[in-house]
Amino acid sequence: MSEFPRQAEAIHAWLRIYLLNWQEGYRPSELELGWIARAMRIAHDGGSLGRIHDCVMAAITHRRPAEPLQPYGLEQFHHDFAAFREAYFSGPAAARI
């Protein structure tokens, strides 16, 4: 398996954990949400998986951003997560997730 699918799968796993936890009532911190929102915007704009991965890792490690983060809600996360899955897991790869 090439690096691209592995990286996409790792990002997907972390985003799914955040989503499931949030749905269970464990809302991510504002810092985590800011990084997740940034990752989802990058994905939506067709940005690189490397940049998306950096944002997800920043959320996980609670890294402080250089600029203010924007508010982000669960409904938007649902929408963006679905778009991420469509963009990076369409076709045969979709069966693995």
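Residue numbers run consecutively from 1 along every chain, following the written order of its sequence. Given that this is a predicted model, residues contribute local features only at a pLDDT of at least 70 and side-chain atom pairs are listed and counted only at 80 or more, while totals for whole chains, interfaces and linings are drawn from all residues. Side-chain measures here rest on the full set of heavy atoms in the structure, leaving out hydrogens and waters.

Structural notes on the overall build of the protein chain
Here is step 1: For helices the rule is a DSSP run of H or I covering at least 4 residues; for strands it is a run of E covering at least 2, with both sets numbered from the N terminus onward. Across its full length, the protein chain holds four helices and zero strands.
Here is step 2: Shown N-terminal to C-terminal, the secondary structure of the protein chain runs as helices and strands in the order α-α-α-α.
Here is step 3: Under the scheme applied here, a residue whose accessible area is under 20% of the maximum for its type counts as buried, over 50% as exposed, and between as partly exposed, the area being computed with a 1.4 Å probe on protein chains only. Of all 97 residues assigned to the protein chain, the portion counted as buried reaches 37%.
Here is step 4: Sequence-distant contacts in the protein chain: of pairs separated by 6 or more residues, those separated by 24 or more amount to 77%.
Here is step 5: For the protein chain, the accessible area works out to roughly 5,800 Å², and carbon and sulfur atoms hold 53% of it. By the convention used here, residues are in contact when the closest approach between their heavy atoms is within 4.5 Å. Surface accessibility in these figures is a Shrake-Rupley result with a 1.4 Å probe; residues are shielded only by whichever protein chains are displayed.

Regarding unusual backbone geometry
Here is step 1: One non-glycine residue with positive phi stands out, namely His 62, at about 60°.
Here is step 2: Following the sequence through the fold, His 62 ends up in the loop between helix H3 (49-61) and helix H4 (74-88).

Some remarks on the environment of Ala 37
Here is step 1: Of note, Ala 37 is situated in helix H2 (residues 30-44).
Here is step 2: According to the relative accessible area criterion, Ala 37 is buried, its value standing at 1%.
Here is step 3: Through-space distance from the C-alpha of Ala 37 to that of Ala 59 is 9.9 Å; in sequence the pair is 22 residues apart.

Considerations on the pattern of salt bridges
Here is step 1: Each salt bridge in this description consists of a side-chain nitrogen of Lys or Arg and a carboxyl oxygen of Asp or Glu lying within 4 Å of one another. Under the defined criterion, the tally for this structure stands at one salt bridge.
Here is step 2: Notably, a salt bridge pairs Arg 27 with Glu 30, separated by 2.6 Å at the nearest N-O pair.
Here is step 3: Overall, the relative accessible area of 44% leaves Arg 27 in the partly exposed class.

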